[in-house]
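Chain and residue survey
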Amino acid sequence: MAAGTLYTYPENWRAFKAQIAAQYSGARLKVASNAPAFTFGQTNRTPAFLNNFPLGKVPAYQGDDGFCLFESNAIAHYLSNDALRGASPQAAAQVLQWVSFADAEIIPPASAWVFPTLGIMQFNKQATEQAKEEVKKVLSLLNQHLNTRTFLVGERITLADISVACSMLWLYKQVLEPSFVQPYSNVTRWFVTCINQPQFKAVLGEVKLCEKMAQFDAKKFSDLQPKRETAPKKEKAPKESKPQEKKEKKKEEKKAAPAVEEMDECEAALASEPKAKDPFALLPKSAFVMDEFKRKYSNEDTLSVAVPYFWENFDREGYSIWYGEYKFPEELAMTFMSCNLITGMFQRLDKLRKNGFASVILFGGNNDSTISGIWIFRGQDLAFTLSEDWQIDYESYDWRKLDVDSQECKTMVKEYFAWEGEFKHVGKPFNQGKVFK
Ligand SMILES: N[C@@H](CCC(=O)N[C@@H](CS)C(=O)NCC(=O)O)C(=O)O
């Protein structure tokens, strides 16, 4: 049975597919959609995340066994059971058919119609009208198919129903008012049946169907524009719209200067993230350029270049050096778990990266190990106390501020940076090292 974590932003319909599938299959799924575990627009751009998920997109799944997967359909498939995937080769192929249909035929017109009503895309009458026609075609096809069937494939809910229903969620919430869907009553009957299944409800909650077709939300659209400028820059994801629609948009933009750029749902999620305060904002500028040191540490020899560079440039007023040792070594069983503990802590401290550096080492082997490390922080205090986001792991460690002039500090910096030396205070052999940079 799969067990792992799904990284996403809150209320992501793509993630819902995987979450609902997990409800059916019993896969143990943790959802990381909020700080400190995951912050969309930040965590998904860190080297650690990109190392596992090179596109930096969500949803993204990481199993407790380390298995990583991106693309929502693949994740939902993985978290499904055989019944959801389609029990026979034919059924499995039909499930795939509907999953692909949802992506190719429903999402593009649904996005073109619904996004302006959410204020995340500029309104274009022609594009909206075209999208409505395309949605009608989809509804008509589904209505015909569901005329003699309760579910899309076979007699039970499958991933086909989950995918198609999730891709229609925003349509039913925003624009499919009763008079519009009246000719497609089989579809609404099927949709309502799906969202009322306990497994759907556990993820979606109560879904309120649209009573009156939402129109372009000009106020929200203009409200979101300035925020958008403050949102972190990102590569534009390909828009889920048709080429014709793009041409129309170009024409519109030419006419209406200054052109307002439209957002996609991801950018809207980014723009609505509250801007985090910088916990170090009040500290005076430091001459020690942490990034420069990290470059030296990553690219050059540690003992002959990085350590001397560190001491030549270290700013003792602007930074402090700490020794941290894991308090509960008796709980450390398998070494790979201890490594996950360290990597997890680094991931959760992501926003500290600009102002911190650490080299943490696992000493010893299975059932006999300790974790300790050297940490460099901006300021003279233990940085973890400055932000709630950073407080998950640090209490499991004993912290000691080192006297920068002491021989102990010099030796520890050298040994922990280089991952070699006597490590006299430890008494166990070096096993593995991890760097927070
Ligand atoms: N086809 C992908 C689409 C994933 C996707 O586009 N995710 C967006 C959020 S809606 C994202 O993470 N964008 C982040 C970025 O582009 O930096 C799937 O179904 O998982």
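Refer to the structure presented above.
A brief report on the enclosed structure follows. All values derive from a computational prediction rather than experimental measurement. (Residues numbered from 1 in each chain as written. Predicted model: local features only at pLDDT ≥ 70, side-chain atom pairs only at ≥ 80, totals over all residues.)

**Considering the nonpolar core**
What counts here: For the purposes of this analysis, a nonpolar core is taken to be any set of buried Ala, Val, Leu, Ile, Met, Phe, Trp, Tyr and Cys residues that are connected through C-beta atoms within 7 Å. Counting other C-beta atoms within 10 Å of its own, a residue is labelled buried from 20 upward, exposed at 12 or fewer, and partly exposed in the gap between, with every C-beta atom placed from the backbone. Helix and strand assignments follow DSSP, with helices taken as H or I runs no shorter than four residues and strands as E runs no shorter than two, numbered in order from the N terminus. An automatic or database domain assignment is the source of the domain bounds shown. Throughout, a pair of residues is in contact if the C-beta atoms placed from their backbones lie within 7 Å.
Ranked by size, the top nonpolar core spans 72 residues in total, and within it A18, A21, L79 and L171 carry the most contacts. The biggest single contributor to this core is helix α5 (residues 89–117), with ten residues. Of the residues that make up this core, three or more belong to each of domain 1 (3–79) and domain 2 (81–275). Residue contacts for L171: discarding those within four places in its chain leaves A110, V114, V135 and L176. Counting residues in hydrophobic clusters, the runner-up holds 32 residues, among them F357, F377, W390 and F417.

**A few points about the pairing of strand β3 (residues 60–63)**
The cut-off we apply is this: For two strands to be treated as a pair, DSSP must find no fewer than two bridges joining them.
Examined bridge by bridge, strand β1 (residues 3–7) and β3 share four bridges and lie antiparallel to one another. Counted as the bridge partner of T5 is Q62 from β3. Here β3 folds back onto strand β4 (residues 68–70) in antiparallel fashion, the turn holding four residues, of which G66 has a positive phi close to 95°.

**Considerations on the sheet that holds β1**
As a reminder of what qualifies: To define axes, lines are fitted to C-alpha atoms, for helices over the stretch in contact only, and angles between the resulting N-to-C directions are given on a 0 to 180 degree scale.
Spatially, four strands are ordered β2-β1-β3-β4 in an open sheet, and the strand pairing comes out mixed. The open sheet has two free edges, formed respectively by β2 (28–32) and β4, since each of these has just one partner strand. Averaged over all pairs of adjacent strands, the angle between their axes in this sheet comes to 20°, without regard to strand direction. Pairing of β1 with β2, which is carried by five bridges, proceeds in the parallel orientation. Bridge pairing links G4 to L29 in β2.

**A word on unusual backbone geometry**
Residues apart from glycine generally show negative phi values, whereas peptide bonds are mostly found in trans. Cis rather than trans, the peptide bond between A35 and P36 has omega equal to 5°. Mapping P36 onto the fold places it in the loop between β2 and α2 (47–52). Geometrically, the link from V58 to P59 is a cis peptide bond, its omega value of 5° lying close to zero. At E11, a residue that is not glycine, the phi angle is positive and equals roughly 60°. Inspection of the secondary structure assignment puts E11 in the loop between β1 and α1 (13–25). In this model, W419 sits at a positive phi of 55°, which is unusual for a non-glycine residue.

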